[in-house]
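Descriptive analysis of the structure
So you can see what is in the structure, the chains are spelled out below.
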Amino acid sequence: MKIVHALGKKEVIKDSEENIGFLLTNKNNGYCFFSNHFSSRYEGVFFNENGIMFKVIEDIILKGQIRKIVNHGSYIEREKETNTEKFFMFNKLNSFSYELKNKDWVEILLDIRGSYDMRNFGRFYNIFEENGKIIVEYVKKTNPSEDSEPDKIEFTNYLVIGSKDYEMAKIENWEPRFYEFDKGRDSGPWERFIFHAFNLNGKEFIFSFSADKSKAIKENNYVLKNLRKLKVLQERNVKKLLTKKLKDEKIDTAYKNALISLNEMATDKGLVAGYPWFFQYWTRDELVSLKALMMINDYKLANHIITRNVGCLLPNGRLPNRFPPTELQNADSIGWLYFRINEYMQKKKDLKKNIVKTLEENAHILIKKFTKDGFAINNAEETWMDTEE
């Protein structure tokens, strides 16, 4: 199988027999992640709705062996024996586009749930058509075998599929899945029943997700109507990142992919720690990576991250481990904050005036609470390796 990076005038091509995957984001804390051989429960299409990361689509299956994967930066192209797939995510939209070169049948497998929620019971799908669109209504209820309070509706979500020309064959069957990669990581559970909802025949499908049916339909209509414009805008945004050319083609390709990845991890709120597992804003990871934002002159986001962290200093002088926070703290993110602010202030003078005074007062607290005999100290599970002692 050929792996092609088409990010400039000259393509970089490599042959590989490994299980190659790709990941695209919508810069709104959502992503799609697919590999040649589906092997993890964290693969599929995920959207963030009301602050919760939901898995939505388990898999889209087009029959045939994969011969080539092409990375275009703004989208992914996957060539099979008799057809070619294209995958798109759109900035700030909870919509995903799947396209085929030739009209064909594909299997649509769903697993709507919170990303970390692996409960098996109380999952209800209702599939119907409305005004030329396919609507999937999903209701999650509690179950006495897994929850303290039975038969309570936890949430209802909607997946809307739009296409200019399609056929649908309902399947509505629960099928077992085995996640080989998760088993290899000893990350259970690595077996689960997912919902084979239907098979679709067509060339172009837009999937939109929301807790509000009318909102999902409205966004689906918008994407269908403006699909070409959205693709051009996406391509233009990627090209803006890739203005610098390095001499060595392979190094240049790696550099361009690093820029694209950094951009994909950035949202309006900050830098995500790492898809697919860590889709929160971890203070240590974010502040380490802040230097990269400054190197590409994204001082607006860098300023926002610094200001947010300074505004979230804890009474003991530390920073929360992540946003949204947990009870766990960490020893070193506060040091990275001071270090990055010093670097920032060497380039820009637009930080709020009270930040320096706040940091001076905070330093006294840190020295009092977290030093002993001139050395910095920490509690268990507060270092980068989450040590227990």
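Everything that follows concerns the structure shown earlier in this document.
Source: prediction; values computed, not measured.

Turning our eyes to something else, we now look at the pairing of strand S8 (residues 76-80). Burial along S8 is one-sided: the residues Ile76, Arg78 and Lys80 are buried and none of Glu77 and Glu79 is. As paired strands, strand S7 (residues 66-71) and S8 are joined by five bridges and run antiparallel to one another. In the sheet register, isoleucine 69 faces S8, and the bridge partner there is arginine 78. Linking S7 to S8, which pair antiparallel, is a turn of four residues; within it glycine 73 sits at a positive phi near 90 degrees. Sheet analysis places S8 next to strand S9 (residues 84-89), joined by four bridges and oriented antiparallel. Its bridge partner lying in S9, glutamate 79 is registered against threonine 84. The turn linking S8 back onto S9 is made up of three residues.

A separate point is the environment of phenylalanine 193. Tracing the backbone shows phenylalanine 193 in strand S15 (residues 191-210). When its relative accessible area of 45% is taken as the criterion, phenylalanine 193 is described as partly exposed. Put simply, phenylalanine 193 and asparagine 120 are 73 residues apart on the chain and 7.6 Å apart in space, counted from C-alpha to C-alpha. Non-local contacts of phenylalanine 193, meaning those with residues more than four positions away in its chain, are made with Arg123, Trp174, Glu175 and Pro176.

Bridge analysis of strand S1 (residues 2-5) against strand S2 (residues 12-15) gives four bridges, and the strand direction is antiparallel. Among the inter-strand pairings, valine 4 is bridged to a residue of S2, identified as isoleucine 13. Counted along the chain from S1 to the antiparallel partner S2, the turn is six residues long.

Relative orientation of the contacting elements helix H5 (residues 283-295) and helix H7 (residues 333-347) amounts to 15 degrees, with a least axis distance of 8 Å. Overall, the two elements H5 and H7 adopt an arrangement that is roughly parallel. For the crossing formed where H5 meets H7, the hand is left-handed. Judged by residue contacts, Thr283, Arg284, Leu287, Val288, Leu290, Lys291 and Met294 of H5 engage Ser333, Trp336, Leu337, Arg340, Glu343 and Tyr344 from H7.

Turning to unusual backbone geometry, a few remarks are in order. Cis geometry marks the peptide bond from glycine 188 to proline 189; its omega dihedral reads -5 degrees. With an omega of -5 degrees, the peptide bond running from phenylalanine 323 to proline 324 counts as cis. Mapped onto the elements, proline 324 comes out in the loop between strand S17 (322-323) and H7.

Quick notes on the rules
- Residues numbered from 1 in each chain as written.
- Predicted model: local features only at pLDDT ≥ 70, side-chain atom pairs only at ≥ 80, totals over all residues.
- Heavy atoms only, no water.
- Buried < 20%, exposed > 50% of the residue type's maximum accessible area, 1.4 Å probe, protein only.
- Helix = DSSP H or I, 4+ residues; strand = E, 2+ residues; numbered from the N terminus.
- Pairing = 2+ DSSP bridges.
- Contact = heavy atoms within 4.5 Å.
- Axes fitted to C-alpha atoms, helices over the stretch in contact; angles between N-to-C directions.
- Parallel < 35°, antiparallel > 145°, perpendicular 65-115°, else oblique.
- Left-handed = near helix turned anticlockwise from the far one by under 90°.

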